[in-house]
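Results of the structural survey
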Amino acid sequence: MIVDARLSNLQGIRDILGVDADFPVEMIAKEDWIGRRLVADRFRLGRMFIAGDASHLWVPYAGYGMNAGIADGLNLSWLLAAHIRGWAPETILDAYEAERKPITEQVSRFAMGYAESAIRERNTLPPGIEDETPEGEAIRQALGDRVTANNVQQFACAGLNYGYYYDASPIVAYDCEGAPGYTMYDYTPSTAPGARVPHFFLADGRSVYDVMGQGFALLVLDNQADVAAMVDAAASRGVPLMVVPVDRALDAVPECYTHGMVLSRPDFHVAWRGDVVADAGALIDRVRGGATD
Ligand SMILES: Cc1cc2nc3c(=O)[nH]c(=O)nc-3n(C[C@H](O)[C@H](O)[C@H](O)COP(=O)(O)OP(=O)(O)OC[C@H]3O[C@@H](n4cnc5c(N)ncnc54)[C@H](O)[C@@H]3O)c2cc1C
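Residues numbered from 1 in each chain as written. Predicted model: local features only at pLDDT ≥ 70, side-chain atom pairs only at ≥ 80, totals over all residues.

The environment of the ligand is formed by W33, G52, D53, A54, P60, G63, Y64, G65, M66, N67 and G69. For the shell around the ligand, the class distribution of residues is five nonpolar, five polar and one charged. (Near = placed C-beta within 6 Å. Nonpolar A, V, L, I, M, F, W, Y, C, P; charged D, E, K, R; others polar.)

See below:
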């Protein structure tokens, strides 16, 4: 194979560097890499958790391997902190695998699907591509469109970064509406429980993410909403909860904020939303992984 021959004489390195054949290059280590899609059956065994490439692997595409590992780490870290600090029972840790495994499974299929299509694209040049004819022009245009579609997905992957949602979590209080679907490139912001809290700027220019603190944050968009029961329920269980008043008239609130209250978790995913809280104690117990140990 051409690649192997180039590596064995190190000419590929010189080509990349743009140097002559007498430029000294020494190979000090070599590791074979195999492109594959692997997702572990379990992300947890008792007190052991795995995250990052140890739990999921795919062909590097859309810059998402490290991102997914960091997202695993963020998810696991707030759950562990909640339990270690004493405001959540150990059952909160069940949320880690329930939330992250389905997402990384999904991402692994997205990434592999697009990577395979890009590889096919790279390996096949349609006949006639260099013809200076209207047909040649059409072939070039069609190829350009396909390459653009593949690569825009990859390099502007907002859907992958912001569109995923946890749809079967034991610590999310779902309502009757699921979050909208997403592609690698695109997504529709949503306050459906499990989705990422849609970002917006407050009237004073601050990002809403900068004012939500490190615990739960109750975004209150209806100034008549009764928040006392939720605040009391959180306080009595030691759950960190900050109330963040939002003014629809002044702050740049997206249309998807359709409820009077949105409860954000420490990782900025929606834990609950509503206009009234029927049973604040039960809700706080749900989002902290259960009642007291
Ligand atoms: C060619 C390529 C390009 C990539 N490009 C991107 C990109 O653009 N963007 C992106 O987000 N991701 C990219 N990735 C993926 C990204 O590099 C990985 O997803 C990420 O590095 C995984 O991090 P990790 O900490 O989970 O695992 P690793 O980086 O594999 O770290 C695991 C560490 O554990 C050590 N270790 C293993 N066993 C033991 C042991 N028994 N005791 C102690 N230490 C041990 C290893 O030496 C290693 O340092 C790319 C990957 C490749 C191969």
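Once the domains are mapped, the protein shows domain 1 (2-25 + 32-162) and domain 2 (208-287). Counting residues at the interface gives five residues for domain 1, matched by five residues for domain 2. Residues that form the side of domain 1 that touches domain 2 fall into these classes: three nonpolar, two polar and no charged. (Domains from an automatic or database assignment. Contact = placed C-beta atoms within 7 Å.)

The interhelical angle for the contact between helix α8 (residues 228-237) and helix α9 (residues 280-287), taken along N-to-C directions, is 55°, at an axis separation of 8 Å. The orientation of α8 relative to α9 falls into the category oblique. The crossing of α8 and α9 is right-handed. Judged by residue contacts, A229, M230, A233, A234 and R237 of α8 engage A280, G281 and I284 from α9. Its residues placed into classes, the contact of α8 with α9 shows six nonpolar, one polar and one charged. (Axes fitted to C-alpha atoms, helices over the stretch in contact; angles between N-to-C directions. Helix = DSSP H or I, 4+ residues; strand = E, 2+ residues; numbered from the N terminus. Parallel < 35°, antiparallel > 145°, perpendicular 65-115°, else oblique. Left-handed = near helix turned anticlockwise from the far one by under 90°.)

Let's shift gears to the pairing of strand β6 (residues 241-245). Both strand β5 (residues 216-220) and β6 contribute to a ladder of five bridges, which runs parallel. Bridge pairing links F216 to L241 in β6. (Pairing = 2+ DSSP bridges.)

So, about the environment of T258. For T258, the location among the structural elements is in the loop between β6 and β7 (261-264). Along the sequence, T258 and G144 sit 114 residues apart, while their C-alpha atoms lie 41 Å from each other.

By the secondary structure assignment, I284 is in helix α9. Setting aside anything within four residues of it in sequence, one finds I284 in contact with A233, A234, R237 and V239.

With that settled, the discussion passes to helix α3 (residues 65-84). An ideal rise of 1.5 Å per residue puts 28 Å on 20 residues; α3 measures up with 28 Å between its terminal C-alpha atoms. Where α3 is concerned, the buried positions are A68, A71, D72, N75, L76, L79 and A82. Projection of α3 onto a plane perpendicular to its axis shows the buried side chains occupying an angular sector of 120°, all on one side. Turned more than 90 degrees away from the buried face of α3, the exposed residues are M66, I70 and I84. Contact partners of the buried residues in α3: β3 (48-49), β4 (56-57) and α4 (94-123). (Expected span 1.5 Å × (residues − 1). Buried ≥ 20, exposed ≤ 12 C-beta atoms within 10 Å, placed from the backbone. Arc of directions from axis to C-beta.)

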